[in-house]
Amino acid sequence: MRAAHVRTPSAADPVGALHVGDLAAPTAPPGWVDVDVRAGALNMHDLWTLRGVGTTGHDGPRVIGSDAAGVAGGREVIVYPVLPTAPDGRTVPHATLLPDAGHGVLAERIVVPAAHLVAKPAGLSWAEAASLPTAWLTAYRMLFTRAAVGPGRTVLVQGAGGGVATAAISLAVAAGATVMVTSRSAAKRERALALGAAVALDSGARTPELADIVVETVGTATFAHSTRCTRAGGTIVVCGGTSGFTAELDLPRLFAREISVHGATMGTLDEFVALVGFVDTHRLRPVVDSVVDLADIRIQAGRMLAGTAFGKLCVSLT
């Protein structure tokens, strides 16, 4: 089977460490099923894998990827990418991702736990469906579980353009919130407005009002701005740091305004089922930046590394 994989990670050249070639198809253990993958999507987690972060204990070629949609037993499905860790088989949001356990999904055929298959909404393309498992699930948990988004709430999304950011815009608008976004790119600000954002500002600009919820994916470059833009009693939810993982804290503002800061990582299986249902009910369409054949996945990895994409970078395996 064709698969996107890494043999020797490279911190200096992660894109060059990515290869596509034939590997032996996996065998499903008890309780697992085969999935014929139709499309997949890249995430920053894949770049970290290509750099060698978290890859100890795995010899030989390692298939990358957490996001996939395909066919299993004649059903069109989306794969939930987190392995169960609780004794009763439940999944928790910070548990092990499939590729970190040696079960990457950017391959023509994969094996996953049978319970991890969720029916694909008929209105979504394969690439759109493959965009949901990581970025959209993380955004869903940030907004609905950690921050209680809803009508009348104001949401600020930092760094419009990334997978989580575009998902957060669509989800928050569908939930009835007013959305503000920031980006250094005028083109990305325009596209965010087309998604339903009410206000699009240059990075660091003064917002017309303070936000109830701030979706923070950028980190070092924007965290001080996020704090300044959060109203009293508001919430900042952090899921990553594309500009760096260290930020100075404005402690007087945090305690004077009683601002809550939460972390969020992925989501539970129940949250994933709820997300897919929400997307289907509200007829949401994940933003797909582009789709290439699996053979050209290095193009997508390079675009992710450069930060030039708007929405998800996907691959086709049909």
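Note that the coordinates shown come from a computational prediction; the quantities given were computed from them, not determined experimentally.

Engineer: Describe the nonpolar core, with residues and values.
Structural biologist: Formed by 48 residues in total, the largest nonpolar core has its most connected members in Leu143, Val155, Val157, Leu171 and Phe272. Secondary-structure elements contributing two or more residues to this core are α2 (126-130), α3 (132-145), β9 (154-157), α4 (163-174), β10 (178-182), β12 (211-216) and α8 (269-281). Looking at which element gives the most residues to this core, the answer is α3, with 8 residues. What Leu143 contacts, discounting residues up to four positions off in sequence, is Ala148, Val149, Val155, Ala168, Leu171, Ala172, Ile213 and Val215. By size, the runner-up hydrophobic cluster in this structure holds 35 residues, among which are Ala4, Val15, Ala68 and Leu98.

Engineer: Talk me through the sheet that holds strand β13 (residues 230-238); I want residue IDs and the actual numbers.
Structural biologist: Working definition: the strands of a sheet are paired by backbone hydrogen bonds and lie parallel or antiparallel to each other. Judged by pairing direction, the sheet is parallel, and its 6 strands sit side by side in the order β11-β10-β9-β12-β13-β14 without closing on themselves. Each edge of the sheet is formed by a strand with only one pairing partner; in this case those strands are β11 (199-201) and β14 (260-263). Within the sheet, the average angular offset between the axes of one strand and its neighbour, ignoring direction, is 20°. Looking at chain direction, β13 and β14 are connected through 4 bridges and run parallel. Within β14, the residue paired with Val238 across the bridge is Gly263. Its contacts with the sheet place α3 against β9, β12 and β13, and it is angled at close to 160° to β12.

Engineer: Got a sec to walk through the packing of α3 against α8? Specific residues and values, please.
Structural biologist: For any two helices packed against each other, one specifies the crossing angle of their axes together with the interaxial distance. Interhelical geometry of α3 versus α8 gives an angle of 95° and a closest axis separation of 10 Å. Our classification of the angle between α3 and α8 gives roughly perpendicular. For the pair α3 and α8, the contacting residues are Leu132, Pro133, Trp136, Leu137, Tyr140, Arg141, Phe144 and Thr145 in the first and Glu271, Phe272, Ala274, Leu275, Val276, Phe278 and Val279 in the second. Partitioning the contact of α3 with α8 into residue classes produces 12 nonpolar, 1 polar and 2 charged.

Engineer: Quick rundown of α4? Include the residues and the values.
Structural biologist: For α4, which comprises 12 residues, the first-to-last C-alpha distance of 17 Å matches the rise-based estimate of 16 Å (1.5 Å per residue) to within 8%. Most of α4 is tucked away: 10 of the 12 residues are buried. Regarding α4, the residues found buried are Gly163, Val164, Ala165, Thr166, Ala167, Ala168, Ile169, Ser170, Leu171 and Ala172. Residue Gly176 follows α4 closely and has a positive phi angle near 95°.

Engineer: Which residues make up the pairing of strand β1 (residues 2-6), and what values go with them?
Structural biologist: Counted residue by residue, β1 has 4 buried out of 5 residues, so it is predominantly covered. Here β1 runs beside strand β2 (residues 18-22); their pairing, made up of 5 bridges, is antiparallel. Note that in β2 the partner of Arg2 across the bridge is Asp22. Looking at chain direction, β1 and strand β4 (residues 62-63) are connected through 2 bridges and run antiparallel. Pairing of Val6 across the sheet is with Arg62, part of β4.

Engineer: Talk me through the environment of Ala160; I want residue IDs and the actual numbers.
Structural biologist: Mapping Ala160 onto the fold places it in the loop between β9 and α4. In the structure, Ala160 is positioned 21 residues away from Val181 in sequence and 6.0 Å away in space, judged by C-alpha atoms. Look past the residues within four positions of Ala160 in its chain and what remains in contact with it is Ala165, Ile169, Val181, Thr182, Ser183, Lys188, Ala192 and Phe310.

Engineer: I'd like a rundown of helix α9 (residues 297-306), residues and numbers included.
Structural biologist: The complete set of buried residues in α9 reads Ile297, Gln300, Ala301 and Met304. The buried residues of α9 occupy an angular sector of 100° when the element is viewed end-on, so they sit on one face. Of the surrounding elements, those touching the buried residues of α9 are β1, β2, α1 (44-51), β15 (288-293) and β16 (312-316).

Engineer: Could you give me a rundown of the packing of aromatic side chains, with the residues and numbers involved?
Structural biologist: Overall, the coordinates contain 5 aromatic pairs when judged by the stated rule. Aromatic pair Tyr140 and Phe144: ring centres 4.5 Å apart, planes at 20°, arrangement stacked. With Tyr140 and Phe144 both in helix α3 and 4 residues apart, the pair spans about one turn of that helix. Residue class for Tyr140 comes out buried when judged on its relative accessible area of 11%. Aromatic side chains Phe144 and Phe278 sit 5.2 Å apart centroid to centroid with 65° between the ring planes, which places their arrangement in the edge-to-face category.

Rules behind the numbers
- Residues numbered from 1 in each chain as written.
- Predicted model: local features only at pLDDT ≥ 70, side-chain atom pairs only at ≥ 80, totals over all residues.
- Heavy atoms only, no water.
- Core = buried A, V, L, I, M, F, W, Y, C linked by side-chain atoms within 4.5 Å.
- Buried < 20%, exposed > 50% of the residue type's maximum accessible area, 1.4 Å probe, protein only.
- Helix = DSSP H or I, 4+ residues; strand = E, 2+ residues; numbered from the N terminus.
- Contact = heavy atoms within 4.5 Å.
- Pairing = 2+ DSSP bridges.
- Axes fitted to C-alpha atoms, helices over the stretch in contact; angles between N-to-C directions.
- Parallel < 35°, antiparallel > 145°, perpendicular 65-115°, else oblique.
- Nonpolar A, V, L, I, M, F, W, Y, C, P; charged D, E, K, R; others polar.
- Expected span 1.5 Å × (residues − 1).
- Arc of directions from axis to C-beta.
- Phe/Tyr/Trp six-rings, centres within 6.5 Å; stacked < 30°, edge-to-face > 60°.

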